[in-house]
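# Close look at the chain arrangement
Chain by chain, the residues run as shown.
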Amino acid sequence: MARAFLYAIVGGGVAAGYAADEFVKRGVSRGDLCIISEEPVAPYERPALSKGYLNPEAPARLPSFHCCVGTNGERLAPEWYKEHGIELFLGTRVISADVTRKTLLIATGETIIYKYLIVATGARALKLEEFGINGSDAANVCYLRDLADAEKLVKVMQSCTGKTAVVIGGGYIGMECAASLVINNLNVTMVFPDSHCMSRLFTPKIARYYEEFYQSKGVKFIKGTALTSFDFNSDGKVTAVNLKNGSKVPTDMVVIGIGARPNTALFEGQLTMEKGGIKVNSIFQSSNTSLFAIGDVAAFPVVTVAGETTTTRLEHVDFARKSARHAVAAIMNPEKTNEFDYLPFFYSRVFTLSWQFYGVNEGEVVHFGDFSGKTLGAYWVYKGRLVGSFLEGGTKEQYEAIAHATRVKPMVEDLGELEKQGLGFALSL
Ligand code: FDA
Ligand code: NAD
């Protein structure tokens, strides 16, 4: 059977939820839009999975964190889609796509015909097997990408209270999950190959602040080495991790966060790809003019600090939300839609800590604030201009100030003076 829609969205994550909201705000007609999602639930705010969802007390559960509560917008529960005549195909994988014929084959065997397609398939967690290590399917080995992963993690964690956990990876998932495991009363060891945590973003000095905080909560760090294999018991459960440095760490459970890869497989060979994602222009249109890509899967144009145009991908929720709104604007009101002008924004919350980052972490770094206290940060200065700002423990006003400062890219003549002024520099602009 074939069904025809003016607009179809493949993928039902953050970007899909915000795109649906924007379609409705712009007056989409009933029956014109469908969303096809492999997940069995309506679009939700994925960041909740590594934070509120893992709380031992009063954990966040759907429907409380459906999109768009993450930006204080309306909560789009499944009934909302019904009310607005948007068809949700949930628990339904898109099996193949033909961008020339403008058709999708979905797992129910139906064909979806579209005029415009938005690809919002996000990314998948990298598996250990891709590094030649077996064990991802063990009952006490957890990943964290979707709701099913989060449900498994909670179950495994609750059955291990008071016991030990090893976290593989020192990036976003590793740091956020390690904190949640501690809050759930597990003894945590983190293992990663880099010399410090969050190495893609943090300077060694910033990383030291967080690592010392984690250590004060009992977390142990094993850095500069990687997992080589697991030991299993007769039930197939992992009992220890073996590391490249020759050591063995006994454990009751394992959490893996070793990076993500965009879900592009449906469109390989049909669209131009770059940086591992679907290459789009400044209105998120791909090499096929009827097809737009948003969120983690989109490789979009940016002007670098050196003034050159390049292509980048961002795997963060603020970009997913804003790229979604922009693409829908471009589809529904092309003549009124400008180029996407975006200031990158990332954040995280762990324990009682909370940080925000704006811009890019390129050039010389100037740290400021009290690294033995609660409010500290850093600026990145490239060729005399402020291009990036990081702040831990700020107030709303202070975060707005660093965001503004990074957007206007002021000249910085004296790095020593910038260090002395610290947060005051951003607040004075
Ligand atoms: P997203 O992954 O949200 O959605 C993709 C959807 O497509 C999924 O529902 C998937 O099942 C579906 N799909 C894929 N292939 C399909 C197919 N063939 N057929 C049908 N459906 C298909 N960022 C941040 O800035 N701050 C934060 O605190 C966090 N925290 C955080 C926690 C955790 C646990 C994760 C995993 C990620 C974050 N992030 C984050 C990152 C942020 O959540 C991420 O950038 C956005 O979810 C990206 O939104 P997308 O819609 O692009 O993908
Ligand atoms: P990441 O890229 O942030 O971190 C990967 C970590 O794994 C790094 O520490 C890296 O050194 C380590 N690593 C890589 N290969 C390894 C190996 N073979 N063995 C051991 N360690 C290895 O990726 P992630 O933490 O897995 O996050 C996945 C996705 O989720 C990303 O897209 C991220 O942006 C997103 N996310 C974002 C947030 C946030 O923005 N607050 C929170 C959670 C997840």
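You'll find the structure just up there.
A few points on the structure. Given the structure is predicted, the values throughout are model-derived calculations rather than measurements. (Residues numbered from 1 in each chain as written. Chains lettered and ligands numbered in written order. Predicted model: local features only at pLDDT ≥ 70, side-chain atom pairs only at ≥ 80, totals over all residues. Heavy atoms only, no water.)

Considering only enclosed or pocket space, the second largest pocket measures out at about 1,100 Å³ in volume. What lines the second largest pocket is a set of 35 residues, and nearest its centre among them are Val302, Thr312, Pro344, Gly359 and Val360. Contributing elements (two or more residues each) for the lining of the second largest pocket: strand S20 (298-303), strand S21 (309-312), strand S23 (353-359) and helix H7 (396-408). For the lining of the second largest pocket, a count of residues per class yields 16 nonpolar, 10 polar and nine charged. (1 Å grid on protein atoms, 1.4 Å probe; cavity = no way out; pocket = protein on both sides within 12 Å on 5 of 7 lines; lining within 4 Å. Points joined across faces, edges and corners; volume = space filled by probe spheres on them. Helix = DSSP H or I, 4+ residues; strand = E, 2+ residues; numbered from the N terminus. Nonpolar A, V, L, I, M, F, W, Y, C, P; charged D, E, K, R; others polar.)

Moving on: the side chain of aspartate 318. Of note, aspartate 318 is situated in helix H6 (residues 317-332). Polar side-chain contacts of aspartate 318 include one of 2.5 Å to the side chain of tyrosine 342. What aspartate 318 contacts, discounting residues up to four positions off in sequence, is Tyr342, Leu343 and Phe345. (Polar contact = N/O pair within 3.5 Å; in protein donor to acceptor, adjacent residues only side chain to side chain. Contact = heavy atoms within 4.5 Å.)

In this section: the site of ligand 2. Surveying the vicinity of ligand 2 reveals 19 residues, the closest of which are Ile173, Asp194, Gly259, Glu315 and Tyr347. Here an oxygen atom of ligand 2 sits 3.1 Å away from a polar atom, N or O, in the main chain of tyrosine 172. At 2.9 Å, a side-chain N or O of histidine 316 approaches an oxygen atom of ligand 2. Breaking the shell around ligand 2 down by element, the ones donating at least two residues are helix H4 (172-183) and strand S22 (345-350). For the shell around ligand 2, the leading source of residues is H4, giving three residues. Along the lines of polarity and charge, the residues of the shell around ligand 2 split into eight nonpolar, seven polar and four charged. (Near = heavy atom within 4 Å.)

The next subject is the nonpolar core. In terms of nonpolar packing, the biggest core is built from 134 residues, with Met190, Phe202, Met253, Phe267, Phe284 and Trp355 touching the most fellow members. With eight residues, the top contributor of residues to this core is H6. If sequence neighbours within four positions are ignored, phenylalanine 267 has contacts with Val10, Ala97, Val99, Leu117, Val119, Met273, Ile278 and Leu291. Counting 17 residues, the second largest nonpolar core, distinct from the first, contains Val166, Phe230, Val238 and Val249. (Core = buried A, V, L, I, M, F, W, Y, C linked by side-chain atoms within 4.5 Å. Buried < 20%, exposed > 50% of the residue type's maximum accessible area, 1.4 Å probe, protein only.)

Around ligand 1 there are 32 residues in total, and Glu39, Arg46, Lys51, Arg145 and Asp296 lie nearest to it. Between an oxygen atom of ligand 1 and a main-chain N or O atom of alanine 15, the distance comes to 2.8 Å. Lysine 51 has a polar side-chain atom sitting 2.5 Å from an oxygen atom of ligand 1. Here ligand 1 loses 94% of its free accessible area of 990 Å² to cover by the protein chains. Going through the elements one at a time, helix H1 (14-25), H4 and H6 are the ones with two or more residues in the shell around ligand 1. Among the residues forming the shell around ligand 1, the class breakdown is 12 nonpolar, 11 polar and nine charged. (Areas by Shrake-Rupley, 256 points an atom, 1.4 Å probe, with all protein chains shown as cover.)

On to the packing of aromatic side chains, then. Tallying each qualifying case throughout the model produces 33 aromatic pairs. Summarising the aromatic geometry, the rings of tyrosine 379 and phenylalanine 425 are spaced 6.0 Å apart at their centres and angled 70° between planes, so their arrangement reads as edge-to-face. Pair noted here: tyrosine 379 is in strand S25 (residues 376-382) and phenylalanine 425 is in helix H9 (residues 423-427), with a separation of 46 residues, a long-range link. Note on phenylalanine 425: relative accessible area 12%, which makes it buried. Above the ring of tyrosine 53, the side-chain terminus of arginine 61 is found at 3.7 Å from the ring centroid. (Phe/Tyr/Trp six-rings, centres within 6.5 Å; stacked < 30°, edge-to-face > 60°. Lys NZ or Arg CZ within 6 Å of the ring centre and 35° of its normal.)

This paragraph deals with empty space enclosed by the protein. The method is simple in principle: a probe with the dimensions of a water molecule rolls over the atoms, and the space it marks as empty is what remains. Under the criterion given, the structure shown has one cavity of 30 Å³ or more. Its boundaries defined by the atoms lining it, the largest cavity holds a volume of some 60 Å³. Along the walls of the largest cavity sit Tyr172, Met175, Glu176, Met198, Phe202, Tyr210, Tyr214, Ser348, Val350 and Trp355, which together make up its complete lining. Secondary-structure elements contributing two or more residues to the lining of the largest cavity are H4, helix H5 (204-216) and S22. The residue makeup of the lining of the largest cavity, split by class, is eight nonpolar, one polar and one charged.

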